[in-house]
Amino acid sequence: DSKALDYELELKNIVQADNVENQIAILTDFSYSMETNDTNNVTKAKAIELANGILTNVKNSRVSVSTNNTVKTAMTTNKSTISNVINRSIYGDGNDSNAGLDKAYSTFTAAVNSKNIVNKYLIVFTDSTDDVSEKMQNLCNADPNLHIISILVDMTSTSYILDNTPVCGDVYLLLSGISEE
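### Details of unusual backbone geometry
Residues other than glycine seldom take positive phi values, yet Asn60 does so here, at roughly 55°. Relative to the assigned elements, Asn60 resides in the loop between helix 2 (43–57) and strand 3 (61–66). What makes Asn60 partly exposed here is its relative accessible area of 32%.

Set out below in structure tokens:
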């Protein structure tokens, strides 16, 4: 017997006001360990689905994509660009999630309109093999407009959750399937 577990991620409470810009930096971990831990290879599809959903449904939003090694695209509203850079990413593209967090954070920009408020969301798809708790806490402490959402493909580290509490922001577990024996 096997049971499939589907997930649905909704970004709630993203302000829809005209004077607010929502910048979403997606960090996709394509380290070598992800190739092993993302057993059903769902990360790319889910990252694209999430980016497209945000750009379609969240007013005044832009999305960037980074890996642990490089910024793949700066803030954009172009869904095709986002899909292409994620689909072209290969495993082994950076193995240091701390560096990846810095790359993704560097994509945030000033508001397009100087009168606007910028909400910053850093969404991390990872297998959590690196210790990033200090880096995440430093980023959150330095920027009160930053919200980090971690989507864990595998739980191989406790650096995202300490004492049953997320280190920074929200933490979700992405399961592509669970089998019962």
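### Focus: the sheet that holds strand 5 (residues 117–126)
Ordered by their spatial adjacency, six strands build an open sheet running 4-3-2-5-6-9, and the pairing between neighbours is mixed. Unpaired on one side and paired on the other, strand 4 (71–76) and strand 9 (170–173) mark the two borders of the sheet. Put simply, the sheet's adjacent strands are angled 15° from each other on average, direction ignored. In this structure, strand 5 lies alongside strand 6 (residues 146–152), joined through seven bridges in parallel fashion. In the strand pairing of strand 6, Tyr121 is matched with His147.

### Points about the environment of Leu27
Here Leu27 is to be found in strand 2 (residues 20–28). Owing to a relative accessible area of 1%, Leu27 belongs among the buried residues under this scheme. With 20 residues separating them along the chain, Leu27 and Ala47 place their C-alpha atoms 9.0 Å apart.

Here is what the cut-offs are and how they apply
- In this numbering scheme, every chain counts its residues from 1 along its sequence in written order.
- Reporting of local features is limited, given that this is a predicted model, to residues whose pLDDT is at least 70; pairs of side-chain atoms are given and counted only at 80 or more, and all residues count toward the totals for whole chains, interfaces and linings.
- Side-chain descriptors were evaluated using all non-hydrogen atoms of the structure, hydrogens and water having been removed beforehand.
- Each helix is a run of H or I in the DSSP string that is no shorter than four residues. Each strand is a run of E no shorter than two, and both are numbered from the N terminus.
- Between buried and exposed lies partly exposed: a residue is buried under 20% and exposed over 50% of the maximum accessible area for its type, with that area taken using a 1.4 Å probe on protein chains only.
- DSSP bridges decide pairing: two strands pair if at least two such bridges lie between them.
- Axes here mean lines fitted to C-alpha atoms, for a helix over just the part in contact, with angles spanning 0 to 180 degrees between N-to-C directions.

Take it as geometry only, folks, not as evidence of what the structure does.
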